[in-house]
Amino acid sequence: MFDSLVEQYHYLDYTQPVGEHLKYIAFHKGRPLACPAWASAPWHIKARDRFIGWTKHERQKDLHLIANNTRFLIPPGFGYHARLPACFPSAVGNCPSTGSGYIQSSDLSG
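Residues numbered from 1 in each chain as written. Predicted model: local features only at pLDDT ≥ 70, side-chain atom pairs only at ≥ 80, totals over all residues. Heavy atoms only, no water.

**Quick word on the nonpolar core**
Working step 1: In this structure, Phe 2, Leu 5, Val 6, Tyr 14, Cys 35, Ala 37 and Leu 73 together form the largest nonpolar core, which totals seven residues.
Working step 2: Counting residues per element, this core draws most heavily on helix H1 (residues 2-9), which supplies three residues.
Working step 3: The residues contacting Cys 35, other than those within four sequence positions of it, are Phe 2, Leu 5, Val 6, Tyr 24, Ile 25, Arg 71, Phe 72 and Leu 73. (Core = buried A, V, L, I, M, F, W, Y, C linked by side-chain atoms within 4.5 Å. Buried < 20%, exposed > 50% of the residue type's maximum accessible area, 1.4 Å probe, protein only. Helix = DSSP H or I, 4+ residues; strand = E, 2+ residues; numbered from the N terminus. Contact = heavy atoms within 4.5 Å.)

In structure tokens:
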């Protein structure tokens, strides 16, 4: 269900995540409310690494504490406030303390 909702409604379509990942659907009264997807953080993102201010050694040691939001879909007709799902630690074996995500702003209008 997650794959088809994202394929149908997300402006980037659906692609299979790489590495550790979690696809999640939140329901409200039996209807899909939100479809966030989380994956292992990319090894090196200059802006993120500069913002965190970590050394190469710290990044190697702690990168697993960051989850990358690869998709976030709110199907038509809903609103939602995001938070990392409680099941994330049991699904991938660790508990990220930070989530990150990026949008392709040139693909958006309004």
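**Some thoughts on the pattern of salt bridges**
Working step 1: Under the counting rule described, the total for this entry stands at four salt bridges.
Working step 2: We note a salt bridge from Asp 3 to Lys 23, for which the minimum N-O separation is 3.0 Å. Linking Asp 3 in helix H1 with Lys 23 in strand E1 (residues 21-23), this pair joins segments that are 20 residues apart in sequence.
Working step 3: Given the relative accessible area of 31%, Lys 23 is considered partly exposed.
Working step 4: Put simply, Asp 49 and Arg 48 hold a salt bridge, and the shortest N to O gap is 3.0 Å.
Working step 5: For Asp 49, a relative accessible area of 8% gives the class buried.
Working step 6: We classify Arg 48 as buried; its relative accessible area is 7%. (Salt bridge = Lys/Arg side-chain N within 4 Å of Asp/Glu carboxyl O.)

**Regarding the side chain of Arg 71**
Working step 1: Relative to the assigned elements, Arg 71 resides in strand E4 (residues 66-73).
Working step 2: With residues near it in sequence (within four places) discarded, Arg 71 still touches Val 6, His 10, Leu 12, Asp 13, Thr 15, Cys 35, Pro 36 and Ala 37.

**Some remarks on the packing of aromatic side chains**
Working step 1: With the rule as written, the count across this model stands at one aromatic pair.
Working step 2: Geometrically, the ring pair formed by Phe 2 and Tyr 14 is edge-to-face, given 6.4 Å between the ring centres and 80° between the ring planes. Of this pair, Phe 2 sits in helix H1 while Tyr 14 sits in the loop between H1 and E1, placing them 12 residues apart in sequence. Assigned by exposure class, Phe 2 and Tyr 14 land together as buried.
Working step 3: Between Arg 59 and the ring centre of Trp 43, over which it is positioned, the NZ or CZ distance is 4.9 Å. (Phe/Tyr/Trp six-rings, centres within 6.5 Å; stacked < 30°, edge-to-face > 60°. Lys NZ or Arg CZ within 6 Å of the ring centre and 35° of its normal.)

**Regarding H1**
Working step 1: Taken residue by residue, H1 has Phe 2, Leu 5 and Val 6 as its buried positions. Each buried residue of H1 sits inside an arc of 95° when the element is viewed along its axis, so together they form one side.
Working step 2: Contacts from the buried residues of H1 go to E1, strand E3 (31-40) and E4. (Arc of directions from axis to C-beta.)

So far we have only geometry, and geometry alone does not tell us how the molecule works.
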